[in-house]
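# A closer look at the structure
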Amino acid sequence: MPEITYREALRQTLRYQLRHDERVFLMGEDIGAYGGSYAVTKGFLHEFGERRVKDTPIAESVVVGAGIGAAMAGLKPMVELMTINFSLLAIDQIVNNASKLYYMSNGQINVPIVIRMAGGAGSQLGAQHSQSLESWYAHVPGLKVVVPATPYDAKGLLMTAFDDENPVIFIEHTALYTSKGEVPEEAYRLPFGKAEVFREGTDVTLIGYSGSLHQAARAADQLAADGISCEVLNLRTLRPLDTDAILASVRKTNRAIVVEDDWQFGGFGAEIAAIIQERAFDDLDGPVLRCSGADVPTPYNGALEQAALPQETDIIRMVRGMV
Amino acid sequence: MTSITRQDAPRGASDGPPDRTALLRTMMLIRRFEEKTAEMYARGRIKGFLHLYIGEEAVATGAIAALRPDDYIVSHYREHGHALARGVEPRRIMAELYGRATGVSGGRGGSMHLFDREKSFMGGYAIVAGHMPLACGLALAEQYKGTDRIAVTFLGDGAVNEGEFHEALNLAAVWKLPVLFIVENNLYGMGTDQSRVSAVTDIYKRAQAYGIHSEQVDGMKVVAVHDAVARLAKRARDGEGPVFLEARCFRFRGHSMSDAELYRSKEEVERWRPLDPITQLQQTLLAEGAIDAARIAALEAEVDEVSRDAAQFAEESPQPPIESLHHFVYKERADA
Amino acid sequence: MISEVVMPQMGADMVEGTILAWRKQEGDAVERGEIIAEIETDKANVEIEAFESGIFRKTLAQEGDIVPVGGIIALIAAANDDVSAYATATPAAPAAAAPVPAMAAAVAPASTPAASAVAAPPRENGRLRASPVARRIADERGIDLSGLHGSGPDGRIIKRDVEAAATAPAPAAAPPAAAAPIGASKMRQAIARRMAQSKREAPHYYLTVDIDMTDAAAFRKQANTALSADQRISVNDLIVRACALALQRHPAFNVTFEGDHPVRRDAQHVCIAIALDDGLIAPALLDAGRKTLAEIAVASKDLVARAKGGLLRPDEITAGTFSTTNLGAYGIEALIGIIQPPQTAILGIGSVMPQPAVHDGAVAVRDVMKVALSADHRITDGAQGAQFLAEIKRLLEHPLLLVL
């Protein structure tokens with residue numbers, strides 16, 4: 001099986017969609033002539049033309065809103081927002097329109113839009129370019145939130161996103177575009193709401209997604225050398241969430257740690273911890289812990305930035321404290 | 001390859017000079033319907049917010065009569081008039097205001113969120129200017145599909161200072177989207193006189209800054225509005241890009257039912273009375289002999305009955321079942 | 001046509017308004033849209049208009065009156081309409097709620113975790129289900145959790161279970177299960193503990209009475225000829241129904257303790273004592289007060305079957321409000337029961353025995369059953385008990401009352 005990058009995996013899906021469905025078109029800042037700020041759409045303008053690949057002004061709100069309107073009229077737009085940080089300028093459209101139209105209209109009008117954006121920190125880009133924020137979108141009923149961690153995730157989940165009749169917030173990770181993995185050549189779909197058991201284990205469950213999955217996996221590798229067996233779950237989607245997989249794992253290991261890049265207070269880890277303690281209370285040997293980003297705006301300085309993100313050493317220390 | 005099926009656009013009632021008696025009836029229906037909703041709100045049958053269109057009837061009536069039935073309409077929260085003018089059933093609008101299952105939005109939207117997809121009435125929205133990007137998107141979709149269907153969006157004078165207003169105008173202009181923006185300038189954004197908060201009060205000039213063909217019209221004269229919209233809609237339909245119309249009008253009631261109108265004087269409101277669009281058209285038609293007092297009385301009785309019937313229908317309609325609370329949060333694929 | 005002028009709802013949070021001034025007098029003509037009054041809300045003064053044309057017939061509130069939203073303040077009608085039905089100066093009740101066609105409330109009460117269909121033992125998958133604080137207390141006081149019955153959700157051992165064990169006079173450091181006395185199953189231990197607690201804490205008083213069951217027997221026999229096997233009514237079913245009805249009329253006996261507080265319960269959940277191999281269980285026939293005799297017959301058979309199969313639901317184990325215990329099948333003349341905590345009364349039932357008795361002025365052989373009421377004197381006293389028992393007797397001696 002070929003090994004390709006996360007970026008290339010996304011490209012394969014976008015190309016497939018543009019070729020197979022005339023309703024699909026792409027909009028975003030610099031996705032055409034520039035080739036995309038993360039080079040995901042490089043060459044697409046040339047291959048598919050201006051009608052299908054539209055460079056937009058820097059106007060996130062109207063671009064997302066226009067995508068929503070086009071979806072209301074029966075097309076299948078994909079909007080690329082350069083980063084999740086800039087999605088805040090479109091949050092009125094995403095939350096007040098996209099998530100609610102199907103409900104408010106009593107089922108008359110749905111919004112099959114895919115909104116892609118890149119989140120995450122680690123490249124010393126400063127506080128306004130380094131947020132995660134996935135919990136904000138996962139909080140909103142009516143949205144679906146997808147967080148691929150691997151190239152295999154990216155291709156399959158993006159295919160499913162285009163099938164979905166609802167607004168899908170597809171959050172990529174800036175640090176993962178160059179990561180590599182085995183990806184089948186043919187088109188395939190990965191279902192939403194189904195986590196992957198990335199690594200089987202018996203002593204503790206590490207729950208991660210997107211960037212944090214890899215920290216969890218690396219921590220698990222190191223702990224294995226000391227005879228501690230970690231089960232690592234890759235959530236793949238936050239909404240819908242694969243609660244069954246989480247609970248099944250915790251019932252097996254009796255211990256859980258959520259690993260997340262995002263700020264801890266009020267973050268998605270809190271939701272997972274709440275679910276586990278409500279439904280698997282009697283299977284817990286101790287409280288669910290969260291290994292999260294520090295509750296600070298992300299600093300520019302490299303060491304400070306790293307200290308603000310969950311590291312393998314933090315995870316390892318937590319696991320040792322538990323078992 | 002999934003392709004787009006193109007349908008021929010229906011010929012609408014928009015071609016040719018307007019039927020002025022029909023315009024009069026529509027305005028009178030809107031007026032009486034709004035009075036009835038005001039009564040029912042005061043009696044506690046309608047809850048939440050209620051924004052009346054009284055005084056502004058000529059804008060919705062004239063504009064929508066000049067459009068095709070399948071041109072999209074995207075409105076704001078003062079939308080009952082637009083819905084009625086588009087032909088959404090009065091009973092179903094009233095039932096929606098009462099929150100009943102028989103309402104256009106199943107009781108889940110309320111006064112500010114009327115949706116009737118079959119009539120291309122794509123919603124009322126509560127976020128000021130938040131709906132304008134949607135109109136751009138609907139227009140974009142039709143342009144993409146190669147049809148000559150246009151999108152029309154109504155907004156208030158309070159919307160023209162929002163960022164989304166400017167973003168929408170710019171995008172429409174730069175992509176030459178077939179969208180018609182109609183500003184209903186009733187001079188007050190809720191309780192604030194427009195001149196206190198807008199750096200340029202001739203709103204139509206703002207659109208010109210984006211290179212958009214833009215006009216101003218007396219929004220109290222229904223025929224003038226109709227003619228302007230017919231002309232502008234054709235431009236948009238012919239691919240000449242977006243168009244903008246500022247209709248200067250006046251609302252005779254407060255912003256909403258809780259507005260005590262402390263921000264304007266009674267004298268000012270009375271000054272606008274002779275310009276009531278219904279009065280103006282009735283006088284014109286009477287003077288021309290195109291209509292007589294008996295016909296007007298008959299129309300009054302007719303719209304009164306429609307409004308009364310709508311309220312009764314709403315009153316007798318069932319509530320949506322509690323079990324439906326979680327319906328329509330997500331749409332499942334039909335063939336999943 | 002009388003049009004009621006109401007204090008209008010002007011804005012979502014308005015609760016009441018003050019009438020500042022009437023602009024119309026009784027007898028004035030009114031056009032729809034005309035201003036008829038000025039009112040004051042907490043936001044501003046507003047004018048209210050007439051929604052109908054007619055004659056301003058009556059004011060029902062005066063200037064200065066504060067009227068709740070929806071209260072009728074005036075009437076507009078035709079000159080010859082009769083408005084005498086409207087009393088003066090009564091701000092009437094707010095607008096009647098909209099006629100609500102029946103809404104099936106399908107939202108499940110989410111208060112407790114999903115009840116499992118099985119009365120789960122505290123141990124599952126080899127893990128003992130006990131809450132963290134229960135474990136801590138057990139640890140602190142040297143209590144063996146494995147001997148405890150869990151009263152929490154899904155049979156979880158919770159704080160009160162451990163505390164109840166802690167107050168028992170049994171030796172604190174119980175030997176592990178292997179050293180327990182032969183035949184002392186968990187159930188036996190639980191019964192021992194609870195019965196001891198009941199006798200210790202509840203001052204019992206006892207009343208007995210004979211009930212002539214001859215008519216009830218005939219009634220039952222006749223009813224059963226028309227019923228299928230699973231609907232056949234037993235003597236105990238009649239008694240359960242009689243108790244449920246009597247409890248409705250004498251709710252002081254439908255009281256259970258919640259911690260230290262006695263609480264009068266709305267529904268009658270009547271427990272039926274069922275003998276098992278290793279002891280006794282008394283699950284509740286839920287909502288007996290709202291079940292017909294036929295429904296009780298079906299439910300009691302089902303309850304007994306499931307009790308014997310270990311398939312009772314937690315609420316059947318914990319929600320009982322009153323108990324019955326019947327040793328009639330064993331030829332026992334009278335059974336004087338021990339109240340099941342947290343309940344406050346129990347009816348003991350003896351055999352139905354043919355006996356000479358006075359009936360309609362003559363001596364005849366009648367079927368007589370002795371019943372005994374044991375009740376908690378902290379909650380009720382003898383006179384109340386006597387009336388309660390008399391009601392049960394009356395119902396059973398006039399069995400048609402059980403189906404009315």
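Every chain is numbered on its own, with residues counted from 1 as its sequence reads. Labels follow written order: the first chain is A, the first ligand is 1, and so on. Residue-level local features of this predicted model are given only where pLDDT is at least 70; pairs of side-chain atoms are given and counted only at 80 or more, and the full residue set underlies all totals for whole chains, interfaces and linings.

### Concerning the packing of helix H1 (residues 20-42) of chain B against helix H2 (residues 57-65) of chain B
Residues and elements named next belong to chain B. Here, axes are lines fitted to C-alpha atoms. For helices the fit covers the stretch in contact, and angles between N-to-C directions go from 0 to 180 degrees. A helix here means a DSSP run of H or I that spans at least four residues, while a strand means a run of E at least two residues long, and both kinds are numbered starting from the N terminus. Where H1 meets H2, the closest approach of the two axes is 9 Å, and the angle between their N-to-C directions is 135 degrees. Between H1 and H2, the angle falls in the class oblique. In this structure, H1 meets H2 at a crossing whose hand is right-handed. Along the contact surface, H1 presents Leu23, Thr26, Met27, Ile30 and Arg31, while H2 presents Glu57, Ala58, Ala60, Thr61, Gly62 and Ala65. Classes in brief: Ala, Val, Leu, Ile, Met, Phe, Trp, Tyr, Cys and Pro nonpolar; Asp, Glu, Lys and Arg charged; the others, Gly included, polar. Grouping the constituent residues of the contact of H1 with H2 by class yields six nonpolar, three polar and two charged. When describing relative orientation, an angle under 35 degrees is termed roughly parallel and one over 145 degrees roughly antiparallel, while 65 to 115 degrees is termed roughly perpendicular and anything else oblique. For any pair of crossing helices, the crossing counts as left-handed if the nearer helix is rotated counterclockwise from the farther one by less than a right angle, and right-handed if it is rotated clockwise. We call two residues in contact whenever the C-beta atoms placed from their backbones are within 7 Å.

### Description of the environment of glutamine 108 of chain A
Topologically, glutamine 108 of chain A is positioned in the loop between helix H6 (101-104) and strand E5 (114-119). Looking at glutamine 108 of chain A, the number of C-beta atoms within 10 Å reads 20, which means it is buried. For the pair glutamine 108 of chain A and methionine 72 of chain A, spaced 36 residues apart in sequence, the C-alpha separation works out to 9.7 Å. Those residues in contact with glutamine 108 of chain A, other than ones at most four positions away along the chain, are Phe115 and Arg117 of chain B. We call a residue exposed when 12 or fewer other C-beta atoms sit within 10 Å of its C-beta, buried when the count reaches 20 or more, and partly exposed for counts in between; the C-beta positions come from the backbone.

### Examining unusual backbone geometry
The residue after arginine 239 of chain A, namely proline 240 of chain A, is reached through a cis peptide bond having omega 5 degrees. If you trace the backbone, proline 240 of chain A turns up in the loop between strand E12 (237-239) and helix H10 (243-253). Of note, the amide linkage connecting proline 341 of chain C to proline 342 of chain C takes the cis form, showing an omega dihedral of 5 degrees. Although it is not a glycine, arginine 236 of chain A adopts a positive phi angle of roughly 65 degrees. As for its placement among the helices and strands, arginine 236 of chain A is situated in the loop between strand E11 (230-234) and E12.

### Some thoughts on the sheet that holds strand E5 (residues 45-49) of chain C
Residues and elements named next belong to chain C. DSSP calls a pair of strands paired once it identifies at least 2 bridges connecting them. Strand order in the open sheet formed by four strands is E5-E4-E2-E7, and the pairing between neighbours is antiparallel. Edge positions in the sheet fall to E5 and strand E7 (66-68), since each of these pairs with one other strand and no more. Averaged over all pairs of adjacent strands, the angle between their axes in this sheet comes to 40 degrees, without regard to strand direction. For strand E2 (residues 16-22) and strand E4 (residues 35-40), the ladder comprises four bridges, and the chain directions are antiparallel. Residue pairing in the sheet places threonine 18 in a bridge with glutamate 40 of E4.

### Side note on the domain arrangement of chain A
Residues and elements named next belong to chain A. Residue ranges assigned to each domain were obtained from an automatic or database domain assignment. The domains assigned to chain A are domain 1 (3-182) and domain 2 (196-322). Each of domain 1 and domain 2 was reduced to a C-alpha centroid, and the two centroids are 26 Å apart. Contacts between the two partners involve 25 residues from domain 1 and, on the opposite side, 23 residues from domain 2. Those elements giving two or more residues to the side of domain 1 that touches domain 2 turn out to be helix H7 (134-138), strand E6 (144-146), helix H8 (151-163) and strand E7 (168-173).

### Some points on H1 of chain B
Residue and element names in this part refer to chain B. Taking 1.5 Å per residue, 23 residues should reach 33 Å; H1 reaches 33 Å between its end C-alpha atoms and fits that length. Most of H1 sits inside the fold, with 18 of its 23 residues counted as buried. Count one or two residues on from H1 and you reach glycine 44, which has phi positive near 80 degrees. Multiplying 1.5 Å by the residue count of a helix minus one yields the expected span of that helix.

### Regarding the nonpolar core
With 218 residues, the main nonpolar core has Ile115 and Leu206 of chain A together with Cys136, Leu138, Val179 and Leu180 of chain B as its most contacted residues. With 10 residues, the top contributor of residues to this core is H1 of chain B. Not counting the four nearest positions on each side in its chain, leucine 206 of chain A is found in contact with Ala216, Ala219, Ala220, Cys230, Val232, Ile257, Val259 and Ile315 of chain A. By definition, a nonpolar core groups buried Ala, Val, Leu, Ile, Met, Phe, Trp, Tyr and Cys residues that are joined through C-beta atoms within 7 Å.

### A short note on the interface of chain A and chain B
Listed as interface residues are 38 residues of chain A and, on the opposing side, 37 residues of chain B. Taken together, the elements giving at least two residues each to the side of chain A that touches chain B come down to helix H3 (60-72), helix H5 (91-98) and H6 of chain A. When residues of the side of chain A that touches chain B are assigned to their parent elements, the largest contribution, nine residues, is made by H3 of chain A. Across the side of chain A that touches chain B, the residue classes break down as 15 nonpolar, 16 polar and seven charged.

### Quick look at the pairing of strand E10 (residues 204-208) of chain A
Residue and element names in this part refer to chain A. By the criterion of burial, E10 is predominantly enclosed, with five of the five residues buried. Side chains Val204, Leu206 and Gly208 project from E10 onto one buried face, and the interleaved Thr205 and Ile207 project onto a second face that is buried too. With five bridges connecting them, E10 and E11 associate as parallel partners. Each residue of the ladder has a partner; that of glycine 208, found in E11, is asparagine 234. Tracing the backbone out of E10, into helix H9 (residues 211-225) and back to the parallel element E11 gives a crossover that is right-handed. Pairing of E10 with strand E13 (residues 256-263), which is carried by three bridges, proceeds in the parallel orientation. Bridged to threonine 205 within E13 is alanine 256. The crossover handedness rule: strands pointing away from the viewer, path from first strand over the helix to second strand clockwise, crossover right-handed.

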